[in-house]
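Structural overview
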Amino acid sequence: MSTVAFHTLGCKLNFAETGMIARQFEQRQFTIVPFGSQADVTVLNTCTVTDEADRKCRQMIRKAVRSSKDSFVIVTGCYAQLRPDEVADIPGVDAVLGTAEKHRLFDLLESFSRTEETQVRVSCIDDVTTFGPAYSAGERTRAFLKIQDGCDYTCSFCTIPMARGRSRSQTIADSLAQAREIASQGFVEIVLSGVNIGLYGNDTGTSLLDLLQELDGVDGVERYRISSIEPNLLTDRIIDFVAGSRRFVPHFHLPLQSGDDFVLGKMRRRYRRQVYLERVERIKQIMPDAGIGVDVIVGFPDETDERFRNTTEFIADLPVSYLHVFTYSERTGTTAVEEVDSGSASPIPRHERSRRNRVLRVLSEQKKHAFYKQHIGTRGDVLWESKVSDGYAFGFTDNYIRVRAPVEDVTVGVVENVGLAGIAEDGSVTVESTDPAFVSLT
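Residues numbered from 1 in each chain as written. Predicted model: local features only at pLDDT ≥ 70, side-chain atom pairs only at ≥ 80, totals over all residues. Heavy atoms only, no water.

Considering the overall build of the protein chain
Heads up, the rule is: Counting from the N terminus, the helices are DSSP H or I runs at least four residues long and the strands are E runs at least two residues long. It is over C-alpha atoms that the radius of gyration is taken, and the globule rule equals 2.2 Å times the number of residues to the power 0.38. Buried residues are those whose accessible area, probed at 1.4 Å on protein chains only, stays under 20% of the maximum for their type, while exposed residues exceed 50% and partly exposed ones sit between those limits. What sets the accessible areas is the Shrake-Rupley method with a 1.4 Å probe; for residues, cover comes only from the shown protein chains. Positive charge is attributed to Lys and Arg, negative charge to Asp and Glu, and no charge count is given to His or to the chain ends. Every charge is mapped to an atom, namely NZ of Lys, CZ of Arg, CG of Asp or CD of Glu.
Across its full length, the protein chain holds 14 helices and 19 strands. Relative to its length of 442 residues, the protein chain is compact, with a C-alpha radius of gyration of 22 Å against a globular reference of 22 Å. Dimensions along the principal axes, computed over C-alpha positions, put the protein chain at roughly 65 × 60 × 45 Å. Residue burial in the protein chain is summarised as follows: out of 442 residues, 55% are buried. Carbon and sulfur atoms make up 47% of the accessible area of the protein chain, which amounts to about 19000 Å² in all. Charge-centre separation for the protein chain: the mean point of 52 positive side chains lies 2 Å from the mean point of 62 negative side chains.

Written as structure tokens, this is what we have:
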């Protein structure tokens, strides 16, 4: 056997872990081929955050079986951990590996030979205590470094702790070693990833701030991003550190989930809207140009029209840059589902969930547009990426403004200070002097 194909669904943490698995195959002389082509082995790393995620996982598993009929198909990830029997019942799946087992793939599957029954290797998540190091290395611009896994929180809508276990951290020494390895491969930017990275170090006697301070001194990395952090775990000291850092960029992603305190309580979130507001204001006070992204869930049980309006109005007044909008999805085994089943909470009709999603997506575009417009006429440091469309290359500023320029004017993998000239029809920002046909909003 000499070829392997990969497909990853879900979060950036999954992509980092797929990168880890891919390097194990490369070390054993496998050649990576595109997913969907003929391969000796196919590995799918799955997600289970919503019903739609489950559906996409099943769809991609069946596609893998159809497109590479002789391939040995391995399914791992969160969906495999929570629904191993469901995955094993899909015709053509040869092996199902759980959260802990994905890091020991070659120990558990010494040869990729089919057996009469699907091989299922999924241990109880309560027994998972080890940390599986990982980083993604697909593009020559940005890498995703896994520093933390699992979660100790019990949000009433979420199954991720059931799929990934309790919070556990990579040591500072190992994180530094991986950052140096990433830098030696020519990457310019590292995104720190995890399930709940604000909990970093709780299990090792250190802290996220300790790690950030050490990473800031690693030569060869031009910039770092913190992928996402709970607002109650984003301390003043972390914000102040980022503001004065040589390498950490002024970009934060803060999950909100709801702008209504009653709904936040039902969700079992560990903050209320006043805390969220204070975090955003603190960031903007010392980093006025910082980009701030927001996660929000619509259609949670007992989210009345008035409570949804509270969320909409709260976000409308926040100086944030964009939203990631999710429609609430019932997940078996969660408190939210149990409350609806017992009659102590009322579900929101699906058509109304969809409508609310559309409302917030419009608000997201308005927020992004206003943030971009605010920076027209200024300069920004853009990391150019390999994505090309209609003759344009694209990149992101340190505060996460999407910028485009004619591809012939761009060097991929280089950070360039450019003038931000206007906003194009696709919503990206054009570069001064290289694209005179921009749409001016000033």
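Structure's up, so let's keep going.
Concerning helix H2 (residues 51-67)
Applicable threshold: Under the convention used throughout, the expected extent of a helix is 1.5 Å for every residue step, that is, one less than its residue count. The directions from the helix axis to the C-beta atoms form the arc being described. Any two residues whose heavy atoms approach within 4.5 Å at even a single point are treated as in contact.
Taking 1.5 Å per residue, 17 residues should reach 24 Å; H2 reaches 24 Å between its end C-alpha atoms and fits that length. All buried positions along H2 are accounted for by Ala 53, Asp 54, Cys 57, Met 60, Ile 61 and Ala 64. Buried residues in H2, looked at end-on, bunch into an arc of 130°, giving them a common side. If you follow the buried residues of H2, they end up packed against strand S1 (3-8), strand S3 (41-46), strand S4 (72-77), helix H3 (78-82), helix H4 (84-88) and strand S5 (93-97).

A short note on the sheet that holds strand S2 (residues 31-32)
How we decide: We call two strands paired when DSSP finds no fewer than two bridges between them. Lines are fitted to the C-alpha atoms to define the axes, a helix being fitted only along its stretch in contact, and any angle between axes, read from their N-to-C directions, falls within 0 to 180 degrees.
Pairing is parallel across the open sheet formed by six strands, whose spatial order is S2-S1-S3-S4-S5-S6. Strands at the two margins of the open sheet, each flanked by one partner only, are S2 and strand S6 (119-121). Examined bridge by bridge, S1 and S2 share two bridges and lie parallel to one another. From the neighbouring strand, Thr 3 faces S2, where its bridge partner is Thr 31. Those strands touched by helix H1 (residues 12-27) are S1, S2 and S3, and its axis lies near 175° from that of S1. In the packing of H2 onto the sheet, the strands contacted are S1, S3, S4 and S5, and the crossing angle to S3 comes to about 175°.

Brief notes about the pattern of salt bridges
Opposite charge on two side chains permits them to pair, given that their charged atoms come into close proximity. Rules: The salt bridge criterion pairs a side-chain nitrogen of Lys or Arg with a carboxyl oxygen of Asp or Glu, the two atoms within 4 Å.
Counted according to the given criterion, the structure contains 32 salt bridges. Each of Glu 17, Lys 102, Lys 146, Asp 149, Arg 164 and Arg 168 takes part in one network of salt bridges that share partners.

Description of the environment of Tyr 79
Topologically, Tyr 79 is positioned in helix H3. Tyr 79 sits 34 residues away from Asn 45 along the chain, and the two C-alpha atoms are 8.6 Å apart. Setting aside residues no more than four positions away along its own chain, Tyr 79 makes contact with Thr 46, Cys 47, Thr 48, Asp 54, Cys 57, Arg 58, Pro 84, Glu 86 and Val 87.

Considering the packing of helix H7 (residues 172-184) against helix H8 (residues 208-215)
Just so we agree on the cut-off: The crossing is said to be left-handed when, going from far helix to near helix, the turn is anticlockwise and less than a right angle, and right-handed when the turn is clockwise. Gly falls in the polar group here, along with every residue not listed as nonpolar (Ala, Val, Leu, Ile, Met, Phe, Trp, Tyr, Cys, Pro) or charged (Asp, Glu, Lys, Arg).
The geometry of H7 relative to H8 is characterised by a closest axis approach of 10 Å and an angle of 35° between their N-to-C directions. Pair H7 / H8 crosses with right-handed handedness. Residue-level contacts link Ile 172, Ser 175, Leu 176 and Ala 179 of H7 to Asp 210, Leu 211, Glu 214 and Leu 215 of H8. Here the contact of H7 with H8 is composed, by residue class, of five nonpolar, one polar and two charged.

Focus on the packing of helix H12 (residues 305-317) against helix H14 (residues 350-374)
Short version of the rule: To sort the angles, those under 35 degrees are grouped as roughly parallel, those over 145 as roughly antiparallel, those from 65 to 115 as roughly perpendicular, and the leftovers as oblique.
Between H12 and H14, the shortest axis-to-axis distance is 11 Å and the interhelical angle comes to 10°. Judged on the interaxial angle alone, H14 and H12 are roughly parallel. Side by side, H12 and H14 meet where Asp 305, Phe 308, Thr 312, Ile 315, Ala 316 and Asp 317 of the first sit next to Glu 352, Arg 355, Arg 356, Val 359, Leu 360, Leu 363 and Lys 367 of the second. Here the residues of the contact of H12 with H14 are counted per class, giving six nonpolar, one polar and six charged.

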